[in-house]
Every structure is written in C-alpha cells, then in structure tokens.
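Topology and contacts: notes
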Amino acid sequence: MNYLEEYDETDPISIETYSKRLIGKTFADVCKQDDIIKAMVVRETANYEVKHENKKRKGGLGELIEERFFHYQTNNDARPDFDKAGVELKVTPYKQNKNGTLVAKERLILTMIDYFSVVDETFEDSHMWQKARLILLVYYLYQQEIKNRLDYRIGYVKLFAPPEQDIKIIAHDFAVIVEKIRNGKAHELSEGDTLYLGAAPKAATSKDRRKQPFSDELAKPRAFAFKNSYMTYVLNNYIIPGKNTYEPIIQGTAEESFEDYVVHKIDAYCDQSVTDLCNTFHIEYQKKPKSLEAMLAYRMLGIKGNHAEEFEKANVVVKTIRIEKNNKIKENMSFPTFKFKELVEEDWEDSTFGNYLRETRFLFVVYKFNQQDELRLKGCQFWNIPYDDLEGSVKAVWEKTQRVLLEGLQIEKRNGKNYNNFPKSSENPVCHVRPHAQNSKDTYELPDGRQYPKQCFWLNNSYILSQLDKNFIED
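Below, the structure is looked at part by part. (Residues numbered from 1 in each chain as written. Predicted model: local features only at pLDDT ≥ 70, side-chain atom pairs only at ≥ 80, totals over all residues. Heavy atoms only, no water.)

Some remarks on the side chain of Asn 355
- Tracing the chain through its elements places Asn 355 in helix H15 (residues 352–359).
- Engagement of the side chain of Asn 355 in a polar contact is seen with the side chain of Arg 358, the distance being 2.9 Å.
- When sequence neighbours within four positions are dropped, the list of residues in contact with Asn 355 reads Glu 349 and Asp 350. (Helix = DSSP H or I, 4+ residues; strand = E, 2+ residues; numbered from the N terminus. Polar contact = N/O pair within 3.5 Å; in protein donor to acceptor, adjacent residues only side chain to side chain. Contact = heavy atoms within 4.5 Å.)

Overview of the state of the cysteines
- Tallying each qualifying case throughout the model produces zero disulfides.
- No disulfide involves Cys 380; its sulfur sits 8.1 Å from that of Cys 270, the nearest cysteine.
- No disulfide involves Cys 456; its nearest neighbouring cysteine sulfur is the one of Cys 431, lying 10 Å away.
- Residue classification places Cys 456 among the buried residues on the basis of a relative accessible area of 0%. (Disulfide = S-S within 2.5 Å. Buried < 20%, exposed > 50% of the residue type's maximum accessible area, 1.4 Å probe, protein only.)

Structural notes on unusual backbone geometry
- Backbone geometry at Asn 315 places phi at a positive 55 degrees, although glycine is not the residue there.
- Residue Asp 373 is not a glycine yet carries a positive backbone phi of 70 degrees.
- Relative to the elements of secondary structure, Asp 373 occurs in the loop between strand E12 (361–369) and strand E13 (375–383).

Quick notes on the side chain of Thr 360
- Position of Thr 360 relative to the elements: it lies in the loop between H15 and E12.
- A polar contact of 3.5 Å, which involves the side chain of Thr 360, links it to the side chain of Asn 315.
- One polar contact links the side chain of Thr 360 to the main-chain carbonyl oxygen of Tyr 356, over a distance of 2.5 Å.
- Apart from the residues within four sequence positions on either side, Thr 360 is in contact with Gly 192, Asn 315, Val 317 and Asn 384.

Okay, structure coming up:
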C-alpha cells in the first residue's frame, strides 16, 4: 500500500488511528522501517540517525516522527502541522517517579510569542490557539540511564482537545499575558502570572533578548506553553485510560474568572472562626492537624480531599497564613530543601528555587487572631512573586548561598548550637536560608564532603505581610 493512503490528512481520527502504530516503538524502530518506505522518505540525509541522537537538539524527535513516520517535510509554518485536519503534532517526554507515578518531564511549547503581533490578536484567532485547539500528543518515556535518545520508547499516542472548562482558563491566561505586553512589561512576564498557559522562556542562551512594542526595555524571548503541571494532569487523566480525576472546584459553568470564583467561594465564610468552620464541615480531631487551615480551605471550595483538579493543572500551591493580634506574622514561609552539591552546579537563570518561584502561583488563605485569641478567616488572594523581588533580593540571596557553599560553609559551635554564614533574614528584605531538617542527623553532603543539616530558602514573615491585601490586616 502507498504510505500516503495509510492515513487521511484531512481527518483527525484517521491521523490518530495511523499514529497508534507508534505505541511501544522506540525512535530507532521508526527509523528502521522497511526499505520501500525508507525510499519514499521526504528528506533522506546522511547520518540522519546520528543527528537525532543528540540530546541537546530540541525538536529533533518531533522532526523524526514527521519525516520518518508521517512522511512530510518539517517546516516552521505558523499553521498546524496537519493543516487540512487542524491537528498539531507534539512529541513530548514523560517520566516515572520512584513511587511509580507518571509525570510530564517538561512544559509543552506551543508557539513563539511575537510581542509585536500578539497584541493585535484575539484568543480565538491567535496563532497560539490554532496550535493548541487540537493536538496529537505522542508521549515517550524519558529514562536518564538511556544514553541514545533514539532508544526512548513511545508509550501513549492520543488526540487531545482542551475541555470546555480548561479553555475558559486558557483564554484568561492568554489575556493576562497579552495585557502585560500591551503595558510594556514583556520583560516582566513570568509563568507564575497564569494558571495553565504560561509564557515560557525560550532562548538559545540566557543572554538573548528581543524588542517589545511598548517599552524600550529588551525582553527575553518567550513561547506560549502548557505548563508542566497541566501536561502531567493531561497525561494522567486524559491520555492514560482508567485514571480517576481529582475533584473539580467549578462544577458546571461559572460566569466569572476561575480566580474570582475561588476568592468569592472562600469569602463567603469570612469572619468565621476555625472552630465554627470545623463544625460546619464536620471535622473532628484529638490533636490539631498541622494542615487544618488548608484542609478547611479545600472544604470551603467544595473539595473533600486535599487535591483540586484546577490547582493540580495550574501548579497552584495553597499556603495558609496566620496574622497575630499585633498585625504581625510569626512564621516565615518555607520551601522544599535544596541539595548543597546540586545548588553549586546551577545557574540562577535555571535554578531549582528560581524556577519554582517563577512557575508557581500561590493561593494565600489568611486567618487572623482576634482580641479573644480566636483564629478567624479573613479571606484569600492569589499571588506570585513580583519580577523585581525575584530578580533582585531573591537572586542576591541565592547567589550568596552558592558563594558560601563554594568557598566552604563556615560552621561555628556556640553553646552546643551550630551557627553558619548562610544569608540571614536580617540581611535581606525578602528571603533567607534556615534549617529545614527533622533533627541534626537529617543531613545532606556539603561540596567539601562534610554532612550538614538540610536547609531551605524561606520568605521572610515581614515580606509576606507586605504582600497581603491590606483588608486582611484591619480588624
């Protein structure tokens, strides 16, 4: 049979059916098709396989599928890959965690953002949406131990169209990104600004910059991308059959934006005490759980567990904040521990902590002690770290931490306690480094081979307070 008759390029289902042949194959298998098919390949070049083995070559595996499986010439056309069917092809990796769970390895790049043309586009007619409305997802299993990436195996192939409730959030994300560009702030774009659709950095080097229309400030090149968290959700709930989804916050349709909907749902319980809320939601306990206030936030949103579908897709992290009677916050805000030997190998531009703050949107649920020492709900707000704070104060603390580790951490014992020269909260208005270990034996190895209790970055309590809506602080 002529390979051109094997799928109908005008029919998405025909393309998907043909693509299912890829499941279980490695990319090397795709290259080893029989000689007749090989002779028909659109572009046969010397060392074809060798060029596609290179792990640093972005897009190479996608090109290989286009040319060696679908037999069409790769192009940089703005239209979808299968234009007559309105289908975009995306080849993307997933990996398996130690506990057996499957996660997307990276965000899904959709199309570069042209800062000059996107400001005149509507969501429905945008280049981004033409690429994102119907995608043929080819998921392959990334395994670190495999040296030649042609040996990666394809696990899932499926057409994916974002469901109705997701489209509303994606459209709102698009509007947020475009509005920032219209305001001359393309250089301040961050993936933490939005929920499912992000403005992801996309440059050959960290020094690359390009012009933007409403400011003289040069901006990083960026692309519209579905976030890593969204792609993990898509993999586990739309692509792999028989998976249970998490509970959605929005049942049916909502007139307002998702974030406004969440704020209004929680606001409905404002000024209720934690005791009242426990009674309302039938929560009983002998010893108060550490996560009680967060648990109550989920109940207010109609979620029985502690995972909400939209939060999982958007990488929204719920953080509860308690304001004392004196309008101060006692606790600093902690983040995951960092490994000393890994941090010294990183660049700030692609650091674990920097990326965490760039890519995460937080929901702050705020409680306050009244004069009778009752903890009462004040409300909630969505937040992500402002660009200037991240690239100023946080970067300075991160760089000092790296410098301290490279020069050799100074440890002094005074009165049986360890003191070190990591950045302190008194040195920086935004963040600092402190221990985050269960005990003194809970350690990581320092670059010089010594063991030291685990540490993490913390946002200062005074900084968190400065970021809160002033209404939460007033009695």
